[in-house]
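Below are the chains, spelled out letter by letter.
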Amino acid sequence: MTAKYRGGCLCGAVRYSADAKPINQRICHCRLCQRAIGAAFNARILFRIDDVRIDGMVATVHSSPDLKRGFCPSCGTTIFSRRDAAGIMGLTTGSLDDPSLFEPEMHIFTASKQPWVTIDDGLPQYEGAPPPA
């Protein structure tokens, strides 16, 4: 049986898979995500770290004290953000083989949203972090 969520980097050196139900699916507009992804927002699917299998060499960088981001050292594709203390990993939806699997639930950190981005999808919007689950 193949995993529902599969993806990888541009050059193919890094591949990942996850078959678990995501914890959540969000679009983050914070400046850290904008810089790390190199785009106006980071659309990501959050899983427990143990539910994600990554094959290939991944380089990481800390973008904040408790968050590290993983990317392919060959082509630079950002693959994930990871909080080890919380046991969670967010996979970038642009790296999915089938990005249409992404079903966003909300927009977060919209106070940092780029002024040319219009959000009219009807999803909840939070100027900062979302309320606790």
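See the structure printed just above.
What comes next is a walk through the structure. Every residue gets a number counted from 1 within its own chain, in the order that chain's sequence is written. This being a predicted model, a pLDDT of at least 70 is required before a residue's local features are given, and a value of 80 or more before pairs of side-chain atoms are given or counted; all residues contribute to the totals for chains, interfaces and linings. Values shown for side chains rest on all heavy atoms present in the structure; no hydrogens or waters enter the calculation.

## With respect to the sheet that holds strand β5 (residues 52-55)
Note the cut-off: Any two strands with at least two DSSP-identified bridges between them are counted as paired. Each helix is a run of H or I in the DSSP string that is no shorter than four residues. Each strand is a run of E no shorter than two, and both are numbered from the N terminus. An axis is simply a line fitted to the C-alpha atoms; with a helix, the fit covers only the stretch in contact. Between two such axes, the angle follows the N-to-C directions and lies from 0 to 180 degrees.
Taken together, three strands build an open sheet; the order of strands is β1-β2-β5 and the sheet is antiparallel. The sheet terminates laterally at β1 (5-8) and β5, the two strands that pair on one side only. Mean inter-strand twist for the sheet, computed between neighbouring axes without regard to direction, equals 15°. Where β1 meets strand β2 (residues 15-18), four bridges bridge the pair, whose relative direction is antiparallel. What sits directly across from tyrosine 5, in β2, is alanine 18.

## Let's talk about the layout of surface pockets
Put simply, the test is: Grid points spaced at 1 Å over the protein atoms alone were grouped into cavities, where a 1.4 Å probe fits but cannot get out, and pockets, open sets with protein on both sides within 12 Å along at least five of seven lines, with lining residues defined by an atom within 4 Å of a point. Grid points are joined across faces, edges and corners, and a volume is the space filled by probe spheres set on the points. Residue type decides the class: Asp, Glu, Lys and Arg count as charged, Ala, Val, Leu, Ile, Met, Phe, Trp, Tyr, Cys and Pro as nonpolar, and the leftover types, Gly among them, as polar.
Estimated volume of the largest pocket: approximately 380 Å³. Contributing to the lining of the largest pocket are 20 residues, with Cys28, Arg44, Leu67, Arg83 and Ile108 lying nearest its centre. Elements with a contribution of two residues or more to the lining of the largest pocket: β3 (24-28), α1 (31-37), β4 (42-48), β7 (67-71), β8 (78-83) and β9 (88-92). Per-class residue counts for the lining of the largest pocket are 11 nonpolar, four polar and five charged.

## So, the sheet that holds strand β6 (residues 59-64)
Spatially, seven strands are ordered β6-β7-β8-β9-β4-β3-β10 in an open sheet, and the strand pairing comes out mixed. Strand pairing shows two members of the sheet lacking a second neighbour, β6 and β10 (106-108), which therefore form its edges. Between one strand axis and the next, the sheet turns by 30° as a mean value, whatever way the strands run. Summarising the sheet, β7 and β8 pair through four bridges and their orientation is antiparallel. Looking across to β8, one finds that arginine 69 is bridged to serine 81.

## So, unusual backbone geometry
With phi around 55°, phenylalanine 109 is a residue other than glycine that occupies positive phi space. Inspection of the secondary structure assignment puts phenylalanine 109 in the segment after β10.

## Regarding the nonpolar core
Put simply, the rule reads: Side-chain atoms within 4.5 Å are what join buried Ala, Val, Leu, Ile, Met, Phe, Trp, Tyr and Cys residues into a set we call a nonpolar core. A simple rule labels every residue: compare its accessible area, found with a 1.4 Å probe on the protein chains alone, to the largest value its type can have, and call it buried under 20%, exposed over 50%, or partly exposed in between. Contact between two residues is taken to exist if any of their heavy atoms lie within 4.5 Å; hydrogens are not considered.
Counting 18 residues, the largest nonpolar core has Tyr5, Ile45, Phe47, Val52, Ile79, Met89 and Leu91 as the members making the most contacts within it. The set of elements that each furnish at least two residues to this core consists of β2, β4, β8 and β9. Broken down by element, this core gets its largest block of residues, three residues, from β4. Contact partners of valine 52, with chain neighbours within four places excluded, come to Ser17, Ala18, Phe47, Met89 and Leu91.

## Overview of the environment of arginine 83
Looking at the element boundaries, arginine 83 is found in strand β8. Between the alpha carbons of arginine 83 and alanine 133 there is a distance of 17 Å; along the sequence they are 50 residues apart. If near-sequence neighbours (up to four positions away) are discounted, arginine 83 is found in contact with Ile49, Asp66, Leu67 and Ile88.

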